[in-house]
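Residues per chain are reported as follows:
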Amino acid sequence: MSDAAGNAMLRVEDVSAGYDGFQALFGVSLEVNAGESVAVIGPNGAGKTTLLRAISKLIGVTGGDIAMEGRSLKSVPAHEVIGYGIAQVPENRRLFPRLTVAENLKMGGFLPSARARHDERLAYVYSLFPRMKERSGQLAGTLSGGEQQMCAIGRALMSGPKLLLLDEPSAGLAPVVVQSIFEMVKRICAEGYTVLIVEQNIRQVLKVVDRAYLLETGRIKQSGPSAQLLASDEIRKAYLGI
Amino acid sequence: MSEVFDIFLLESVLNGLLLGGLLALLSLGLNLIFGVIDVVWICYAELIMVGMYAVYYFHVVFGWPLLLAMLMGILIVAMAGAALHYFVIRPVLAAEPINQLLVTGGVLFFLQAAATLAFGIEFKNLGVTFPPIVVGDISFSMPRLIAFVTALAGMLGMYLFLTRTYIGTAIRAISQDRTIMPLMGVNPNRIFLVTSALGGGLAGLGACLLVLQYDIHPAIGLSFGPITFLICVLGGLGNMVGGFIAAFIFAQFISVGGFFFAIEWGYVIAFLFFIGMMFWRPQGLFTK
Ligand SMILES: Nc1ncnc2c1ncn2[C@@H]1O[C@H](COP(=O)(O)OP(=O)(O)O)[C@@H](O)[C@H]1O
Ligand SMILES: [Mg+2]
């Protein structure tokens, strides 16, 4: 499944990245194949968010390369990454609090190519999340945590992406809501989107995705099918408390 | 006696209303820039001065029809706004606010000096006069009425632009969360440039309305720049609705205060009101 010679949808190769004088990622490599759902799991501060920022080019990549469908993103500015079919749902959702739900969704489809299909995609997002239709005129800042996550995912879907990057969609939500968030992720995968999801909620996310990578202090420590990681002694001891 | 008094008072209130519309338009541009880019264009009124000269030159010197000259004035100041952002603001976007303030302050003095050099210090005007409009015992100045109506139309246009279009929505979005805009495919630098051109365009529109009422000279910016800035602060810097309301409050202080005492006193009272407010609500009357 992995390492199929060069036809992965997303290929992250030996990537190093960080912030002003602080390196957060050390030669990270991973792949996501078309139609797959893949998780990057790891503790707080491991570099998961940094990895997604690097893929979206929000931060510079100091070493290695990232390629989408065989095309390198090396010299691609951040605002053009979405044109390659990569949409990100950022950590903490980051909706525009004083825009309405409908306006937030509209912003997700900002690209000229997406504008032409706005109505069709909006209908699709509303069919996935009927709650968003009910709340379309409400300011996003007044939504509940779970609704905000729906809105954030909907916003990313408005661009018609091939690959969806999700940064800790369950973080900061009540336990009952967390359950529904993972149901939501499952449905997104079933809709045919290729998904790369970052999570600290390891037990839950491994039930949803096909494969996962374990990231610790900026390095990939383990990888494999979800079932294999769930059964791994190291992960059970360190992260699942068994 | 008291009847005449009431009519003049009513006239001042109405004139204050007209002035409020104009001041609201002037403060809108400054607020837009601050709300979106987080930089105060201290030289905002000097951009208006440039616009006034532009209208004057195209109309009086080059003989263009007034409306066309005004359109040209708006266009020129819009481009000046974009240029101001590109060449002056962009390099200091990440700098301390005080440095950004000093840099636009530098532009203020540069524009004043350049205008003095290029146009001289003598007062210029369009030489157009309008008859006053008399309704019963009350008379209005036509340019003020034009300014009021046009300012309201300009603000309505801006409102529709900001709420109905993709770029307008992105302008509001970027003022709420700058760093994730690229995830939407939005190039923040481009939005800032468009916003600066819009802010300049509003200054240009303000110039067209002012040039109907006032003589032009290189230091004209000083007579309404500070008021515009204070109105923005009073309404909460960057808060466009707050600035709108504050403009009408301020205009009433000037107009009605001027009625009870003398014109100059109107300004004194308005500024005293401002200082008092800054003790009571330093964050502005209508904080975001
Ligand atoms: N904006 C930033 N500036 C400097 N250091 C940062 C910044 N964001 C994250 N870091 C550091 O980078 C490392 C990885 O952080 P992050 O990618 O957010 O981890 P995770 O998402 O796995 O919790 C941490 O040590 C964190 O302190
Ligand atoms: Mg994180």
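Data block above holds the structure.
Residues numbered from 1 in each chain as written. Chains lettered and ligands numbered in written order. Predicted model: local features only at pLDDT ≥ 70, side-chain atom pairs only at ≥ 80, totals over all residues. Heavy atoms only, no water.

## Focus: the sheet that holds strand β8 (residues 194-199) of chain A
Residues and elements named next belong to chain A. On the basis of which strands lie adjacent, the open sheet formed by 6 strands has the order β6-β7-β8-β3-β9-β10 and mixed pairing. Two strands in the sheet have a free side with no partner beyond their single neighbour: β6 (86-89) and β10 (219-225). Each adjacent strand pair in this sheet contributes to an overall mean axis angle of 15°, direction not counted. Direction of pairing for strand β7 (residues 163-167) relative to β8: parallel, over a ladder of 5 bridges. Among the inter-strand pairings, Leu165 is bridged to a residue of β8, identified as Leu196. This element, helix α7 (residues 145-157), spans β6 and β7 of the sheet and lies at about 165° to β6. (Pairing = 2+ DSSP bridges. Helix = DSSP H or I, 4+ residues; strand = E, 2+ residues; numbered from the N terminus. Axes fitted to C-alpha atoms, helices over the stretch in contact; angles between N-to-C directions. Contact = heavy atoms within 4.5 Å.)

## Describing the interface of chain A and chain B
The interface of chain A with chain B comprises 22 residues on the first partner and 21 residues on the second. A per-residue breakdown of the area chain A buries against chain B is headed by His79, Phe96 and Phe110 of chain A, which together make up 28% of the total. The interface formed by chain A and chain B holds 2 salt bridges in total. Its salt-bridge partner being Arg172 of chain B, residue Glu103 of chain A comes within 2.6 Å of it at the nearest N-O pair. Taken together, the connections running from chain A to chain B amount to 5 residue pairs in polar contact (both at pLDDT 80 or more). Its residues assigned to classes, the side of chain A that touches chain B comprises 10 nonpolar, 6 polar and 6 charged. (Buried area = accessible area lost by both parts, 1.4 Å probe. Salt bridge = Lys/Arg side-chain N within 4 Å of Asp/Glu carboxyl O. Polar contact = N/O pair within 3.5 Å; in protein donor to acceptor, adjacent residues only side chain to side chain. Nonpolar A, V, L, I, M, F, W, Y, C, P; charged D, E, K, R; others polar.)

## Some thoughts on the nonpolar core
In terms of nonpolar packing, the biggest core is built from 92 residues, with Met107 of chain A together with Trp41, Ile48, Met52, Leu234 and Phe250 of chain B touching the most fellow members. Broken down by element, this core gets its largest block of residues, 13 residues, from helix α1 (residues 2-37) of chain B. Not counting residues up to four positions away in its chain, the partners in contact with Ile48 of chain B are Leu26, Ala203, Gly206, Ala207, Leu210 and Phe224 of chain B. Counting 45 residues, the second-largest nonpolar core is a separate cluster that includes Phe129, Ala140, Cys189 and Val205 of chain A. (Core = buried A, V, L, I, M, F, W, Y, C linked by side-chain atoms within 4.5 Å. Buried < 20%, exposed > 50% of the residue type's maximum accessible area, 1.4 Å probe, protein only.)

## Describing the site of ligand 1
Residue and element names in this part refer to chain A. Around ligand 1, the neighbouring residues are Tyr19, Phe22, Ala24, Pro43, Asn44, Gly45, Ala46, Gly47, Lys48, Thr49, Thr50 and Arg53. In this structure, a nitrogen atom belonging to ligand 1 sits 3.5 Å away from a side-chain N or O atom of Tyr19. Interatomic distance of 3.2 Å between a backbone N/O atom of Ala46 and an oxygen atom of ligand 1. Taking 560 Å² as the accessible area of ligand 1 by itself, protein coverage stands at 63%. Ranked by residues supplied to the shell around ligand 1, first place goes to helix α1 (residues 48-55) with 4 residues. (Near = heavy atom within 4 Å. Areas by Shrake-Rupley, 256 points an atom, 1.4 Å probe, with all protein chains shown as cover.)

Purely geometric numbers; function is a separate question.
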